[in-house]
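# Coordinates in review
Below, each chain spelled out in residue letters.
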Amino acid sequence: MKITIGAFLLQQLRNLNVNHIYGVPGDYNLALLELIEHDASVEFIGNCNELNAAYAADGYARLNGAGALITTYGVGDLAALAGIAGAYAESAPVICLAGTPPLYAMKNHALLHHSLADGNFDNVMNCFKQFTVAQALITPENAATEIPRVLSTAWQQKKPVYLQLPSDICDVVIETAHQFAAPRLPGSDANHLGLAAAALFKRLEQAKRPMILVDQMVDRFQLLPLVLAVAQKFAIPLTNMPTAKCVIPESTPGWQGGYSGNLSSPELFERMAQADCVLSFGVRLVDSTTGYFSQQIPPQAVVDIQPYSLQLDDTSYPAVTAADLLHALLELAGETNAPAQATLPKPQHRLAIPSDAPLGQAYFWQRISHFIQADDVLVVENGTSGAAIGGIRMPDGVTLVNQPVWGSIGYTLPALLGTLMAAPARRHLLFIGDGSFQLTAQEVSTLLRCELKPIIFLINNEGYTIERYILGESSSYNDIGPWDYAKLPAVLNRHATPFCATVATGQQLEMALEQASRQDRLAFIEVKLPMMDAPSAMKEFCQRCNNFNFGLHNPRRNA
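These lines cover the structure that appears in this document, whether it is placed above or below. All of these numbers come straight from a predicted model, not from anything done at the bench.

The next subject is helix H11 (residues 266-274). Every buried residue belonging to H11 is among Leu-268, Phe-269, Met-272 and Ala-273, and all of these are buried. One side of H11 holds all its buried residues, which, seen down the axis, span an arc of 135°. The exposed residues of H11 that point more than 90 degrees off its buried face are Pro-266 and Glu-267. Contacts from the buried residues of H11 go to strand S9 (210-214), strand S10 (238-240), strand S11 (255-258) and strand S12 (277-281).

Here it is in structure tokens:
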């Protein structure tokens, strides 16, 4: 089959279900953008900058399975790099496509704009090698093999990749062997799989206090139905890391709540500490998700299940996929079923009557817990929002998009652009702090231009409250400019008519929520909260962060 390189690249993306590509135009990527302009099957979404485009592609990938962005060489690439690194840390398969100078100019080491004008065109590629799992400079000779290889790697490893497309080869015709099909995950070695399943089955038969601990991997590799089937078959209680909140429906029988070391419920913390077999699905014990390494999980109890391997006791089983392993385990278990497990009781909170009293964090999040509906998409910034949402029992079907490991403030607003396009039929709620919002606020203009209709909650507590609790409560470096946030959407698109409100009391919040629910347009609610009001979980986390970062040299203690 003969096809141009540009058309072949778009074909590969379509086979990954990528129908929206984010980015910023630049002279080196215009040939590819012109091709997209006349291709009805894929749409280019112009962002305000490349960092926002990377965040949007990340959000899109979380709900769609893969995402993509287009940059221009050098300045665009490096502007997007922090977002690509975040996608790596959070396991989002994002494909970064960079338009580069013409191939002949790169080979001749020409001194060009958007480079360091030293003839070196390896430096940007070397940067991306640190934050992606596959990379390639596309040429007419390698396009037919390198494009599928790089894209398949993103799909298989659920990590970002990087492709450079020189500006002068987009329309070059190449020959491919056959129509490209969507990539598949690698299979298992049959012998290894049989041994691994038998060993795991034996271990579970011997276990008296088993547990299942879930991380992002279960979502990224779509393992939830199999994990739930194993939990039911063997009557194993389940819990999840904060990075996997809402991956397990929180009405699931046997679910014990979220696990974050000794910041978990006392009952769950003790249960994990006493477990004799923990099926650990891709778990990473990170400072921000373990209450600063406060977990107590017996090492000898951990059965480490990764996407393509199993570690049980002192034996490693490579070439064993998690899906195949769980299928084989269920077959060994046969028709017998363990007794049904109980559902964790849902806390009953009576909502206070709205009043003219100033809003506080406690009332606001209690009210929001009643506002969230089944199947909502929640995009949640770190800080007070992340801490509060982590403690809310969610309805079934809710998807949570956040960045607890990489923790780049400002991520969520552009990510919302991606989630909205990946799942347009669902309701999307964004919770973002004022400090985070100021980093990426201009992407509200793209939301309005694309006529998207999320509900945005801007938490205005006058600066970086999470940093104030770590250090510098009254220090000027934690202050930000006092924007008039609710007026900003109208400024960012003079043709749009978003619903905007500022609320500072319970009654005002109630009116805004009722109105926002009836709108067929973007709703923006600025929520004014006291500067040092914060969920108790965040206060405790910040104290631990302070101790960990500064120790004996704590400026707070030495002041």
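On to empty space enclosed by the protein, then. With the rule as written, the count across this model stands at two cavities of 30 Å³ or more. In this model, the largest cavity occupies a volume close to 70 Å³. Lining the largest cavity we find Tyr-28, Asn-29, Leu-30, Ala-31, Leu-32, Leu-97, Ala-98, Gly-99, Leu-165, Pro-166, Ser-167 and Cys-170. Residue assignment for the lining of the largest cavity shows that the elements contributing at least two residues are helix H2 (30-37), strand S5 (94-100) and strand S7 (161-166). The class makeup of the residues in the lining of the largest cavity is nine nonpolar, three polar and no charged. Its volume calculated, the second largest cavity comes out at about 30 Å³. What lines the second largest cavity is simply Cys-246, Ile-248, Pro-249, Glu-250, Met-394, Pro-395, Asp-396, Gly-397 and Val-398. Broken down by class, the residue content of the lining of the second largest cavity amounts to six nonpolar, one polar and two charged.

On inspection of all chains with the given rule, the structure shows 18 aromatic pairs. Between Tyr-292 and Phe-541 the ring centres are 5.3 Å apart and the planes differ by 40°, which places this aromatic pair in the tilted class. Of the two residues, Tyr-292 is situated in the loop between S12 and strand S13 (302-306) and Phe-541 in helix H21 (residues 536-550); the sequence distance between them amounts to 249 residues. There is no split in this pair, since Tyr-292 and Phe-541 are both buried. Plain terms: the ring middles of Phe-364 and Trp-365 are 4.8 Å apart, the flat faces sit at 75° to each other, and that makes the pair edge-to-face.

So, about the pattern of salt bridges. As enumerated under the stated definition, the model contains 13 salt bridges in all. Where Arg-220 meets Asp-219, a salt bridge forms, and the shortest distance between an N and an O atom there is 2.8 Å. For Arg-220, a relative accessible area of 14% translates into the label buried. When its relative accessible area of 33% is taken as the criterion, Asp-219 is described as partly exposed.

Tracing the chain through its elements places Thr-139 in the loop between strand S6 (135-137) and helix H7 (143-157). Residue classification places Thr-139 among the buried positions, given a relative accessible area of 13%. For Thr-139, the residues in contact, after removing those within four places along its chain, are Ile-5, Leu-103 and Ile-169.

The next subject is the layout of surface pockets. Estimates place the volume of the second largest pocket at around 740 Å³. If you trace the second largest pocket, you find 34 residues lining it, with Arg-62, Leu-63, Asp-219, Arg-220 and Gln-222 closest to the centre. Of all the elements in the fold, those that place two or more residues in the lining of the second largest pocket are helix H3 (50-64), helix H9 (216-220), helix H10 (224-234) and strand S17 (399-401).

With that settled, consider the sheet that holds strand S4 (residues 67-72). Strand pairing in a sheet is mediated by backbone hydrogen bonds. Such pairs are either parallel or antiparallel. Taking strand neighbours across the sheet as the criterion, the six strands line up as S3-S2-S4-S5-S7-S6 in an open arrangement whose pairing is parallel. Looking at strand neighbours, the two that pair on one side only are strand S3 (43-46) and S6, the edges of this open sheet. Between one strand axis and the next, the sheet turns through 25° on average, direction left out of account. Note that strand S2 (residues 20-23) and S4 share two bridges and pair parallel. The residue bridging Gly-23 from the neighbouring strand is Ile-70, located in S4.

Among the secondary structure elements, Arg-367 is positioned in helix H13 (residues 361-371). Apart from residues lying up to four places away in sequence, Arg-367 is in contact with Leu-351, Leu-509, Glu-510 and Leu-513.

Reading guide: rules and limits
- Residues numbered from 1 in each chain as written.
- Predicted model: local features only at pLDDT ≥ 70, side-chain atom pairs only at ≥ 80, totals over all residues.
- Heavy atoms only, no water.
- Buried < 20%, exposed > 50% of the residue type's maximum accessible area, 1.4 Å probe, protein only.
- Helix = DSSP H or I, 4+ residues; strand = E, 2+ residues; numbered from the N terminus.
- Arc of directions from axis to C-beta.
- Contact = heavy atoms within 4.5 Å.
- 1 Å grid on protein atoms, 1.4 Å probe; cavity = no way out; pocket = protein on both sides within 12 Å on 5 of 7 lines; lining within 4 Å.
- Points joined across faces, edges and corners; volume = space filled by probe spheres on them.
- Nonpolar A, V, L, I, M, F, W, Y, C, P; charged D, E, K, R; others polar.
- Phe/Tyr/Trp six-rings, centres within 6.5 Å; stacked < 30°, edge-to-face > 60°.
- Salt bridge = Lys/Arg side-chain N within 4 Å of Asp/Glu carboxyl O.
- Pairing = 2+ DSSP bridges.
- Axes fitted to C-alpha atoms, helices over the stretch in contact; angles between N-to-C directions.

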